[in-house]
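# A closer look at the structure
Given next are the chains, with one letter for each unit.
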Amino acid sequence: VQLQAFGGGLVQPGGSLRLSCAASTRTFSIYSMGWFRQAPGKEREFVAAFSWGDSRTHYADSMKGRFTISRDNAKNTVSLQMNSLKPEDTAVYYCAADRRSGDQWATMGRTINFWGRGTLVTVSN
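Let us look at the structure shown here. (Residues numbered from 1 in each chain as written. Predicted model: local features only at pLDDT ≥ 70, side-chain atom pairs only at ≥ 80, totals over all residues. Heavy atoms only, no water.)

## Here we look at the sheet that holds strand β8 (residues 77-82)
Keep this limit in mind: Note: two strands are recorded as paired if DSSP finds a minimum of 2 bridges between them. Each helix corresponds to a stretch of at least 4 residues labelled H or I by DSSP, and each strand to a stretch of at least 2 residues labelled E; elements are numbered beginning at the N terminus. Think of each axis as a best-fit line through the C-alpha atoms, taken over the contacting stretch in the case of a helix, with angles from 0 to 180 degrees between the N-to-C directions.
Overall, antiparallel pairing links the four strands, which are arranged β1-β3-β8-β7 in an open sheet. Across the chains shown, the open sheet's two edge strands, defined by having one partner strand only, are β1 (2-6) and β7 (67-72). Each strand axis lies, on average, 15° off the axis of its neighbour in the sheet, ignoring direction. When β7 meets β8, the two strands line up antiparallel, connected through six bridges. Among the inter-strand pairings, serine 70 is bridged to a residue of β8, identified as serine 79.

## Section: the state of the cysteines
The criterion, for reference: Whenever a pair of cysteine sulfur atoms sits within 2.5 Å, that pair is classed as a disulfide. Only protein chains enter the accessibility calculation, which uses a 1.4 Å probe; a residue is then buried when its area is under 20% of its type maximum, exposed when over 50%, and partly exposed in between.
Applying the stated rule across the entire model yields one disulfide. Here cysteine 21 is linked by a disulfide to cysteine 95, with a sulfur-sulfur distance of 2.1 Å. Between cysteine 21 and cysteine 95, the S-S dihedral sits near -85°, and the bridge is therefore left-handed. Here cysteine 21, found in strand β3 (residues 17-24), pairs with cysteine 95, found in strand β9 (residues 91-98); they are 74 residues apart in sequence, far enough to count as distant. Look at cysteine 21 and you get buried, because its relative accessible area is 0%. Overall, the relative accessible area of 0% leaves cysteine 95 in the buried class.

## Considerations on the environment of alanine 60
Threshold: Here a residue-residue contact requires only that any non-hydrogen atoms of the pair lie within 4.5 Å.
Among the secondary structure elements, alanine 60 is positioned in the loop between β6 (57-59) and β7. The buried category is assigned to alanine 60, whose relative accessible area is 15%. Separated by 61 residues in sequence, alanine 60 and valine 121 place their C-alpha atoms 17 Å apart. Excluding residues that lie within four positions of it along the chain, alanine 60 makes contacts with Phe46 and Val47.

## Structural notes on the packing of aromatic side chains
Applicable threshold: Ring geometry is summarised as follows: Phe, Tyr and Trp rings, the Trp one being its six-membered ring, pair when their centres sit within 6.5 Å, and such pairs are stacked at plane angles under 30 degrees, edge-to-face over 60 and tilted between the two. Think of it as a cone above the ring: NZ of Lys or CZ of Arg counts as a charge over the ring if it is within 6 Å of the ring centre and within 35 degrees of the ring normal.
Here the structure, examined in full by the defined rule, presents five aromatic pairs. Considering the side-chain rings of tyrosine 31 and phenylalanine 114, the 5.9 Å spacing of their centres and the 75° angle between planes classify their relative orientation as edge-to-face. Separated by 83 residues along the polypeptide, tyrosine 31 in the loop between β3 and β4 (32-38) and phenylalanine 114 in strand β10 (residues 114-115) bring together distant segments of the chain. Note on phenylalanine 114: relative accessible area 25%, which makes it partly exposed. Measuring from ring centre to ring centre gives 6.4 Å for tyrosine 94 and tryptophan 115, while their planes differ by 90°; the resulting arrangement is edge-to-face. One end of the pair, tyrosine 94, is in strand β9; the other, tryptophan 115, is in strand β10, and 21 residues separate them in sequence. Overall, tyrosine 94 belongs to the buried group, its relative accessible area being 14%. A cation sits over an aromatic face here: arginine 44 above tyrosine 94, 3.8 Å from the ring centre.

## Focus on the pattern of salt bridges
Filter applied, for reference: The term salt bridge refers to a side-chain nitrogen of Lys or Arg lying within 4 Å of a carboxyl oxygen of Asp or Glu.
One pass over the structure, following the stated rule, counts five salt bridges. In this structure, aspartate 89 and arginine 66 form a salt bridge, with 2.7 Å as the shortest nitrogen-oxygen distance. With aspartate 89 in the loop between β8 and β9 and arginine 66 in the loop between β6 and β7, this pair connects stretches of sequence that are 23 residues apart. By the burial criterion, aspartate 89 is buried, and arginine 66 matches it.

Put into structure tokens, the structure is as follows:
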């Protein structure tokens, strides 16, 4: 599975940004899709996931209520709508794919099977 993320950029605090990720696979619908991020000098952390089996969504606590993950199986895409952005949201955001359920992603870390290259989000004045 090849993943291509796009949509990053510079946004002011309190603003919104939408990331998208396109997957090149014929079996997109049977992969859980999601996002991680890595801020400078920090470990990569889980952001959100959308399970393929039960279509449930999962979020890191600090993103709940601000970020929304969605997927379009017809277009092989997953998106992350980010609202009320804060400077601490500044990071490289990575799209990811794995057969395992999204409720496991927070503890899976780098064992995730497929990664995109990442797109930079900068929240600053």
